[in-house]
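Residue-level listing of the chains:
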Amino acid sequence: MSQKAVIFDLDGTLIDSLEDLANSVNQTLKEFGFNTHEINAYKYFIGDGVKVLLKRATNEKENEETIEKLHKRFKVIYKKEIDSKTKVYEGIHQLLGKLENQAYPKAILSNKPHNFTLDCMNKFFSNYSFVNISGQKDSIAKKPDASAALLIAKDLEKDVENIYFVGDTKIDMQTAKNAGMIAIGVLWGFRDEKELRDNGADFIVSNTDELYDILIS
Ligand SMILES: O=C(O)COP(=O)(O)O
């Protein structure tokens, strides 16, 4: 077994879920009489969990009660749309397959609600073994807090300095740094290189071959 292990972010790193998330939020907004947004605007709304996504989509002007109503409706809509347009990014299946063949320990840490994280993992990645799959749960602080990453590290049975954290946003880079892990920023997701570098990326990769080379080095 490898001396190293990896924790992957999900949205924007393993799967391109932008359109389904954006369409589901837009439908929710429409039903409640709010203005909708261009799909690309959601690249900057997604990353800090669903409630923050809804706050940003309503221009941070709504109170908790309204956000809670939107949240309830969003969950119903997104449950149906979760895999309508969502795709696994190019090269991810090959990467996971190669890691699997080497018994390389893998885990998931997402700010997507835990049940939706499990739905996506079952739908797209049921062929691979993950030591731990964690979405956002009310019982534990979400990324960039290090708590969930540190719990996963225990399951991975590696020291944090031997764990790569792979993600596409500053939230992921900050989580890696807060947990003492090695931060790898991917450029095929929702944010740009500057954001990843400014938030502590130790490595930046533009394709899954580059990512694999770092993970096994
Ligand atoms: O749904 C979100 O807000 C972010 O999800 P991620 O952590 O998998 O990028």
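Residues numbered from 1 in each chain as written. Predicted model: local features only at pLDDT ≥ 70, side-chain atom pairs only at ≥ 80, totals over all residues. Heavy atoms only, no water.

- As recorded in an unreviewed UniProt entry, the protein goes by the name phosphoglycolate phosphatase, listed as coming from Poseidonibacter parvus.
- If you open the UniProt record of the protein and go to Pathway (unreviewed entry), you find "Organic acid metabolism; glycolate biosynthesis; glycolate from 2-phosphoglycolate: step 1/1." (UniProt positions renumbered as here; feature names shortened; annotations may be inferred.)

1. Structural notes on unusual backbone geometry
- Backbone torsion omega between Lys143 and Pro144 reads 15°, so that peptide bond is classified as cis.
- Mapping Pro144 onto the fold places it in the loop between β5 (132–136) and α7 (147–156).
- At Asn59, a residue that is not glycine, the phi angle is positive and equals roughly 55°.
- Given a relative accessible area of 46%, Asn59 falls into the partly exposed group.
- Residue Glu60 is not a glycine yet carries a positive backbone phi of 60°. (Helix = DSSP H or I, 4+ residues; strand = E, 2+ residues; numbered from the N terminus. Buried < 20%, exposed > 50% of the residue type's maximum accessible area, 1.4 Å probe, protein only.)

2. Brief notes about the environment of Leu53
- Assignment of secondary structure puts Leu53 in helix α3 (residues 50–57).
- A relative accessible area of 3% means that Leu53 is categorised as buried.
- Taking C-alpha positions, Leu53 is 12 Å from Pro113, a pair spaced 60 residues apart along the chain.

3. What about the sheet that holds β5?
- Spatially, the 6 strands line up as an open sheet ordered β5-β4-β1-β6-β7-β8, and their pairing is parallel. The open sheet is flanked by β5 and β8 (203–205), the only strands paired with a single partner. Within the sheet, the average angular offset between the axes of one strand and its neighbour, ignoring direction, is 20°.
- Examined bridge by bridge, strand β7 (residues 182–186) and β8 share 3 bridges and lie parallel to one another. Across the sheet, Val186 pairs through a bridge with Val205, a residue of β8. (Pairing = 2+ DSSP bridges. Axes fitted to C-alpha atoms, helices over the stretch in contact; angles between N-to-C directions.)

4. Topic: the site of the ligand
- Neighbouring the ligand are the residues Asp9, Leu10, Asp11, Ile46, Gly47, Asp48, Gly49, Ser110, Asn111, Lys112 and Lys143.
- Here an oxygen atom of the ligand sits 2.8 Å away from a polar atom, N or O, in the side chain of Asp9.
- Within the backbone of Gly47, one N or O atom sits 3.1 Å away from an oxygen atom of the ligand.
- Computed on the free molecule, the ligand has an accessible area of 280 Å², of which 97% lies beneath the protein chains in the complex.
- Looking at side-chain class alone, the shell around the ligand contains 2 nonpolar, 4 polar and 5 charged residues.
- Each of domain 1 (5–16 + 86–215) and domain 2 (18–81) gives at least three residues to the shell around the ligand. (Near = heavy atom within 4 Å. Polar contact = N/O pair within 3.5 Å; in protein donor to acceptor, adjacent residues only side chain to side chain. Areas by Shrake-Rupley, 256 points an atom, 1.4 Å probe, with all protein chains shown as cover. Nonpolar A, V, L, I, M, F, W, Y, C, P; charged D, E, K, R; others polar. Domains from an automatic or database assignment.)

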